[in-house]
Amino acid sequence: MADTASGKIEGNAILKTITIRRPDDWHLHLRDGAVLKAVLPATSTDFARAIVMPNLVPPVVTTADARAYRNRILSVLPQGHDFTPLMTLYLTEGTSPDDVEAGFRDGLVTAVKLYPAGATTNSQSGVRDIAKVYPVLERMAAIGMPLCVHGEVTDPAIDIFDREAVFIERVLEPLRRRIPELRVVMEHITTREGVEYARSAGDNLGATITTHHLIINRNAILAGGIRPHYYCLPVAKRETHRLALREAATSGDRRFFLGTDSAPHLDPLKECACGCAGIFSAPVTLSCLAHVFEEENALGRLEAFTSLNGPAFYRLPPNEKRVRLTRHDEPIAFPKSIATGDGPVTVFDPMFPIHWNVEASAG
Ligand code: NCD
Ligand code: ZN
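A brief report on the enclosed structure follows. In this text, all values refer to a predicted model and were calculated from it rather than measured experimentally.

### Observations concerning the site of ligand 1
And step 1. Taken together, 15 residues are adjacent to ligand 1, and Arg-31, Asn-55, Thr-120, Leu-233 and Asp-261 come closest.
And step 2. A distance of 2.8 Å separates an oxygen atom of ligand 1 from a polar atom in the side chain of His-265.
And step 3. Within the contact set of ligand 1, an oxygen atom lies 3.0 Å away from a backbone nitrogen or oxygen of Ala-277.
And step 4. When the free accessible area of ligand 1 is taken as 310 Å², the share hidden by the protein chains comes to 100%.
And step 5. Mapping ligand 1 onto the cavity grids shows that it belongs to the largest cavity.

### So, the pattern of salt bridges
And step 1. Using the criterion set out here, one finds 25 salt bridges in the structure.
And step 2. For Asp-82, the salt bridge is made with Arg-22, and the minimal N-O distance between the two is 3.9 Å. Taken together, the residues Asp-82 in the loop between helix H3 (63-75) and strand S4 (84-90) and Arg-22 in the loop between strand S1 (14-21) and strand S2 (24-28) connect sequence positions 60 residues apart.
And step 3. Arg-22 sits in the buried class, given a relative accessible area of 5%.
And step 4. Close ionic contact of Glu-320 with Arg-322 constitutes a salt bridge, the shortest N to O distance being 3.8 Å.
And step 5. When its relative accessible area of 27% is taken as the criterion, Arg-322 is described as partly exposed.
And step 6. Through salt bridges with shared partners, one network takes in Asp-98, Glu-101, Arg-105 and Arg-139.

### Points about the sheet that holds S2
And step 1. Taken in spatial order, the 8 strands of this open sheet run S2-S3-S4-S5-S6-S7-S8-S9, and their pairing is parallel. Taken across any chain shown, the strands that pair with only one partner, and hence form the sheet edges, are S2 and strand S9 (256-258). On average, each strand axis in the sheet is tilted by 30 degrees relative to the strand beside it, whichever way the strands run.
And step 2. Against the sheet, helix H6 (residues 163-178) engages strand S6 (147-149), strand S7 (184-186) and strand S8 (205-209), with an angle of about 165 degrees to S7.

### Digging into the sheet that holds strand S13 (residues 356-359)
And step 1. In spatial order, the strands read S1-S10-S13; together these 3 strands make up an open sheet with antiparallel pairing. Each edge of the open sheet is held by one strand with a lone partner, namely S1 and S13. When the angles between neighbouring strand axes are averaged without regard to direction, this sheet yields 25 degrees.
And step 2. Bridging between S1 and strand S10 (residues 322-328) involves 7 bridges; their strand directions are antiparallel. Within S10, the position partnered with Ile-20 by the bridge is Val-323.
And step 3. In this fold helix H11 (residues 285-295) packs onto S1, S10 and S13, with an angle of close to 130 degrees to the strand it touches most, S13.
And step 4. Its contacts with the sheet put helix H12 (residues 302-314) on S1 and S10, and the angle it makes with S1 is roughly 30 degrees.

### Notes on the layout of surface pockets
And step 1. By volume, the largest pocket is sized at about 380 Å³.
And step 2. If you trace the largest pocket, you find 24 residues lining it, with Lys-336, Val-347, Phe-348, Asp-349 and Pro-350 closest to the centre.
And step 3. Of the residues in the lining of the largest pocket, the class split is 17 nonpolar, 4 polar and 3 charged.

### Examining the environment of Leu-289
And step 1. For Leu-289, the position within the fold is in helix H11.
And step 2. On a C-alpha basis, the gap between Leu-289 and Leu-89 in space is 28 Å, while along the polypeptide they are 200 residues apart.
And step 3. If we skip the residues at most four places from it in the chain, Leu-289 touches Thr-211, Leu-214, Leu-258, Leu-302, Phe-305 and Thr-306.

### Points about the coordination of the zinc ion (ligand 2)
And step 1. Protein coordination of the zinc ion (ligand 2) is provided by His-27 (NE2), His-29 (NE2) and Asp-261 (OD), with donor distances spanning 2.0 Å.
And step 2. For the zinc ion (ligand 2), the 4 donor atoms in the first shell make angles of 92 to 135 degrees at the metal, a pattern classed as tetrahedral.
And step 3. Ordering the donors of the zinc ion (ligand 2) by residue number gives the pattern H-x1-H-x231-D. With His-29 in the loop between S2 and helix H2 (33-44) and Asp-261 in the loop between S9 and helix H10 (267-270), this pair connects stretches of sequence that are 232 residues apart.
And step 4. Residue Asp-261 is classed as buried on the basis of its relative accessible area of 5%.

### Examining a negative patch on the surface
And step 1. Taken together, the side chains of Asp-159, Asp-162, Glu-193 and Glu-196 present a region of like negative charge at the surface.
And step 2. Relative to the elements of secondary structure, Glu-196 occurs in helix H7 (residues 192-200).

### Some details on empty space enclosed by the protein
And step 1. Taken as a whole and judged by the stated rule, the model has 3 cavities of 30 Å³ or more.
And step 2. Of the volumes computed, that of the largest cavity is approximately 120 Å³.
And step 3. Contributing to the lining of the largest cavity are 18 residues, with His-29, Thr-120, Leu-233, Asp-261 and Ala-263 lying nearest its centre.
And step 4. Residues that form the lining of the largest cavity fall into these classes: 6 nonpolar, 9 polar and 3 charged.
And step 5. Together, Val-149, Gly-151, Glu-164, Phe-167, Ile-168, Leu-172, Met-186, Glu-187 and Ile-189 line the second largest cavity.
And step 6. Sort the elements by how many residues they give to the lining of the second largest cavity and H6 lands first, with 4 residues.

Conventions used here
Residues numbered from 1 in each chain as written. Chains lettered and ligands numbered in written order. Predicted model: local features only at pLDDT ≥ 70, side-chain atom pairs only at ≥ 80, totals over all residues. Heavy atoms only, no water. Near = heavy atom within 4 Å. Polar contact = N/O pair within 3.5 Å; in protein donor to acceptor, adjacent residues only side chain to side chain. Areas by Shrake-Rupley, 256 points an atom, 1.4 Å probe, with all protein chains shown as cover. 1 Å grid on protein atoms, 1.4 Å probe; cavity = no way out; pocket = protein on both sides within 12 Å on 5 of 7 lines; lining within 4 Å. Sits in = over half its atoms within 2 Å of the grid points. Salt bridge = Lys/Arg side-chain N within 4 Å of Asp/Glu carboxyl O. Helix = DSSP H or I, 4+ residues; strand = E, 2+ residues; numbered from the N terminus. Buried < 20%, exposed > 50% of the residue type's maximum accessible area, 1.4 Å probe, protein only. Pairing = 2+ DSSP bridges. Axes fitted to C-alpha atoms, helices over the stretch in contact; angles between N-to-C directions. Contact = heavy atoms within 4.5 Å. Points joined across faces, edges and corners; volume = space filled by probe spheres on them. Nonpolar A, V, L, I, M, F, W, Y, C, P; charged D, E, K, R; others polar. Donors = N, O, S within 2.8 Å, 3.2 Å for Na, K, Ca; no water. Tetrahedral: all angles 85-135°; square planar, octahedral: opposite > 155°, others 65-115°. Patch = residues over 30% accessible without salt bridge, like charges linked within 9 Å, V, L, I, M, F, W, Y side chains within 5 Å. Lys, Arg positive; Asp, Glu negative; His and termini not counted. Charge placed at Lys NZ, Arg CZ, Asp CG, Glu CD.

Okay, here's the thing in C-alpha cells:
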C-alpha cells in the first residue's frame, strides 16, 4: 500500500501517527486460483491472520479440503509476508462431528461456518434444517470451537432488509438456548438489532463488523442510480443502523471486532443484470477504519477493534508486531481496481478522500 501511495506522499506533511498491534481480519474471502494470488497481498501486507471463508466452488467442507486450500493460499503468499490463514469448514447437513473435531484439535481448522442455504454467494450447499446439524454443533460446544454464522433468514416472505433481525429471533436465539455453551460469532452484523443482541449476551457471543457497513448506508447502492460495487450481503441498511454499528465498533466493547468481509468478484460478475453480492475492501480497509475512528474521536480504541477483541474471543494471543498509521495532509492515491489473471476487481471507494496510510512494518 505504501508503495502505491508513495509518489503522492512526497512533500505531503504527516499530521498524525498512531501505532497499533498488527490487526487480524476475522472474516475474509480470499477465493482461489488467479484471484487468490492477486488479492492475498492486499491482506497479508497489513494483517497477521485472517479467518478465511470456505464458500469456494465446491466449498471447503472437510478437514482435508481445508488443508489443501491452506496449502494453496500459502503457496502464493508473497515472500517475507508474515500471515497465517485461519481455516474454516463450510457446514453442511452431512458434516461429520469427528472430522470437525479432528481438524480443530490438529490446529488446522479454527471455526465452522453456518450458511443458511441460499442466503448469499455460494451458499447452496448450506443448512436447510438446523436440527440436522445439532450433533456437529453439540460437539463444537463441547470442545469450545466457534461457529461463525451468516445471520439472515432465507424465507422469501421476509423483506431483505429485515432478514437479519428475523434470523436473530427465529434461529439464533432458539439455537443459543438449546446449546448455551456454543461459542458463536454473529458475522458482519448490519443492524441495531444485531448490536443490541450481541450486547445482551455473555462471553460466548461475539460479532464482527465490516469496514464498509461503518461507511455506507443503503443510499449508496440505490440513490441516483444502481451502484453494484456497494451491493453486498447482508445488504447495507438505513442510516440509523450504520450509526449503531459505528457506536458499537468504536466503543471498545470486547464483543465487537473487525471482519472486513472483503469479498472480491470480477467486475463483469458485478456489473450485469444479476450482479454478485460482495465488496472488495482489503486494499483500503485499514485506512478507511482510521478515518472512521478519527471521525468518532475514537482513534484510541481502533486497536481494540482491529487487534485485541478478536484474538480474545478466539482465545489466541494478540499479535506482537505493530503497524503504524499516518495521517497526511494530502489525500493518498489508492488503485480503483486491481488486475487479476481473470480480469479486474473494483476496490471499495469510501466516497471520501483517504488521508490515512499504513506502514506495514513499524517494528
Ligand atoms: C460474500 C461472497 O461474495 O462470498 N458476499 C457478500 O456479499 N458478503 C458472501 C458473504 O459473506 O455473504
Ligand atoms: Zn463474507
